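One-letter residues, chain by chain:
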Amino acid sequence: MPRSGFRWPFRALLAVAVCAVAAGLAWVSMRKGFNPGWILVATGAIAGALAAHMMQLFDGYEREAGRKQEQLDDLLLQTREQKNAVDAFADGLDVAIFVCDRRATIEYANRLAREMFNIDRPQGKTLLAITLSVDLEQLVLSAASGEDPQEGELSFSYPSDRIALGKAWKHSASPGRIYLSLFDISDLRRLERIRKDFVANVSHELRTPMTIIRANAETMLDDDDPELRQRYLPRIITEVDRLSSITQDLLVLSSAESGPVRKAPCDFADTVRATVSQLTTKADEKDLQLSYDGPKHFVIEANGSQMMQVCLNLIENAIKYTPSGTVHVELIAPADDGSDGIVTLRVTDTGIGIASDHISRIFERFYRVDKGRSRQSGGTGLGLAIVKHIVEAHGGHVKVRSTLNSGSTFEVTLPVGDVEVFQRHLREG
Ligand code: ADP
């Protein structure tokens, strides 16, 4: 404490002063011829009493100063604790918060605000300098000059493209301060756009077969010739089948998206083998060699019917897009110690392959490299979107390697999950 540092030097100074006064009085008395002994005693007593009184006085001041210092320390501690609590609260919010002065110079920014604009110490800088948004600065200046809060949807291009809802307001307690909140709605807008695109795509996909059905039916209505009927009826049936495939795939996609995956122990190896044998006839029809390599049983924690869907879509595609050669299905279980806990499904074909500029898009809904070919083979353009969604919802990944006119390999990796008991049971059984 600073006060104890002053205590002894101050007292020493007081003692020296009292001695000096006593010595001075004694010297003056001696010069005037008084008895120096008595004078010394008298002045010493007066000086002593004076010193004692002053000591008491200073002790009192010191105690008072000590108390005040303690109160000040407590107050400072409380203020610091309150500031830390407010900082922790503001930093935990999912909203970017700024506090600015009337000229939009930043006084405070919470964690999200600093992260959003990629700046460590925004204090003292203008809002315009760190956000490069004139609209945002204008929002704050309008709030500063008016009484009402100002709100608006703002687009930012720095440091990345973002859309946020901004609100700027002031409070009568500190009219010189403007509070600003920014709520990032980029993901919301992106999802809205995806939904709109999806609805447009679905409408388009449904309209095409419906138009064909209508045209064919009208032709048959105009002319009841049995030969015409023979020609147009199969077309109608094909288009109705296409409509039902699309709606079926849409239902599968929507049920896969409708909530968290319900997992249970599922024999993945058994599912893969069952799918391979289910599709053997299709492969035979095209003279393709369809083979499986992997364990007989391997249990993972997953949704059984969704795993079946993944296998079906990948192997069916491989057959569909392979005019001749082989389709090889592999299941690679993790090492016996289960250290990596990842199971890999690999489907390799010797088919038409995919050009590199299409690879990044084939998992999009309704994306087809060759629309005509896909339609001809009854494709909906949703198969791989379904695979990707299911695999990622299970915490896995799907990737593809392909060479045009040589073939493709689709690889799905999935976490095994906590199924040790079932694995052991199957091994022993
Ligand atoms: P589709 O119903 O058209 O097969 P998918 O979503 O299953 O739709 O696949 C999207 C597109 O990816 C297909 O139209 C096709 O162009 C391409 N594709 C998928 N699997 C293969 C494959 N094994 N070989 C070559 N191209 C493939």
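Source: prediction; values computed, not measured.

1. Quick word on the site of the ligand
Here is step 1 of the chain: In the neighbourhood of the ligand, 21 residues make up the surrounding shell, with Asn-317, Tyr-321, Ser-374, Thr-380 and Leu-384 lying closest.
Here is step 2 of the chain: In the environment of the ligand, an oxygen atom lies 2.8 Å from a nitrogen or oxygen atom belonging to the side chain of Asn-317.
Here is step 3 of the chain: When isolated, the ligand has an accessible area of 520 Å², and the protein chains bury 97% of it.
Here is step 4 of the chain: Here the ligand occupies the largest pocket.
Here is step 5 of the chain: Elements represented by at least two residues in the shell around the ligand include exactly helix 9 (304-320), helix 12 (383-393) and strand 12 (407-415).
Here is step 6 of the chain: Across the shell around the ligand, the residue classes tally to ten nonpolar, eight polar and three charged.

2. Details of the domain arrangement of the protein
Here is step 1 of the chain: By domain assignment, the protein separates into domain 1 (4-89), domain 2 (92-184), domain 3 (190-257) and domain 4 (264-428).
Here is step 2 of the chain: The gap between the C-alpha centroids of domain 1 and domain 2 is 54 Å.

3. A look at the side chain of Ser-408
Here is step 1 of the chain: Tracing the sequence through the fold places Ser-408 in strand 12.
Here is step 2 of the chain: A distance of 2.9 Å separates polar atoms of two side chains, one belonging to Ser-408 and the other to Ser-402.
Here is step 3 of the chain: When neighbours within four sequence positions are excluded, Ser-408 is seen to be in contact with Val-347, Thr-348, Asp-349, Gly-353, Ile-354, Arg-401 and Ser-402.

4. Observations concerning the sheet that holds strand 9 (residues 326-332)
Here is step 1 of the chain: Reading across from one edge, 7-9-10-12-11 is the order of the five strands in this open sheet, with mixed pairing throughout. Where the open sheet ends on each side, the last strands, each with one partner, are strand 7 (289-293) and strand 11 (397-403). Each strand axis lies, on average, 10 degrees off the axis of its neighbour in the sheet, ignoring direction.
Here is step 2 of the chain: Of the pairings in the sheet, the one linking strand 11 to strand 12 comprises seven bridges and is antiparallel in character. In the sheet register, Thr-403 faces strand 12, and the bridge partner there is Gly-407.
Here is step 3 of the chain: The sheet contacts of helix 8 (residues 268-285) involve strand 7, strand 9, strand 10 (342-349) and strand 12, and relative to strand 7 the element is tilted by about 170 degrees.
Here is step 4 of the chain: Sitting on the sheet, helix 9 touches strand 7, strand 9, strand 10 and strand 12, and the angle it makes with strand 10 is about 25 degrees.

5. Some remarks on the layout of surface pockets
Here is step 1 of the chain: Within this model, the largest pocket holds a volume of roughly 970 Å³.
Here is step 2 of the chain: Around the largest pocket sit 40 residues that line it, and Asn-317, Lys-320, Tyr-321, Ser-377 and Gly-379 are the ones nearest its centre.
Here is step 3 of the chain: Breaking the lining of the largest pocket down by element, the ones donating at least two residues are helix 7 (226-257), helix 9, helix 11 (371-376), helix 12 and strand 12.
Here is step 4 of the chain: Considering each element in turn, the lining of the largest pocket owes the most residues, nine residues, to helix 9.
Here is step 5 of the chain: Taken domain by domain, the lining of the largest pocket gets at least three of its residues from each of domain 3 (190-257) and domain 4 (264-428).

Reading the values: rules and limits
- Residues numbered from 1 in each chain as written.
- Predicted model: local features only at pLDDT ≥ 70, side-chain atom pairs only at ≥ 80, totals over all residues.
- Heavy atoms only, no water.
- Near = heavy atom within 4 Å.
- Polar contact = N/O pair within 3.5 Å; in protein donor to acceptor, adjacent residues only side chain to side chain.
- Areas by Shrake-Rupley, 256 points an atom, 1.4 Å probe, with all protein chains shown as cover.
- 1 Å grid on protein atoms, 1.4 Å probe; cavity = no way out; pocket = protein on both sides within 12 Å on 5 of 7 lines; lining within 4 Å.
- Sits in = over half its atoms within 2 Å of the grid points.
- Helix = DSSP H or I, 4+ residues; strand = E, 2+ residues; numbered from the N terminus.
- Nonpolar A, V, L, I, M, F, W, Y, C, P; charged D, E, K, R; others polar.
- Domains from an automatic or database assignment.
- Contact = heavy atoms within 4.5 Å.
- Pairing = 2+ DSSP bridges.
- Axes fitted to C-alpha atoms, helices over the stretch in contact; angles between N-to-C directions.
- Points joined across faces, edges and corners; volume = space filled by probe spheres on them.

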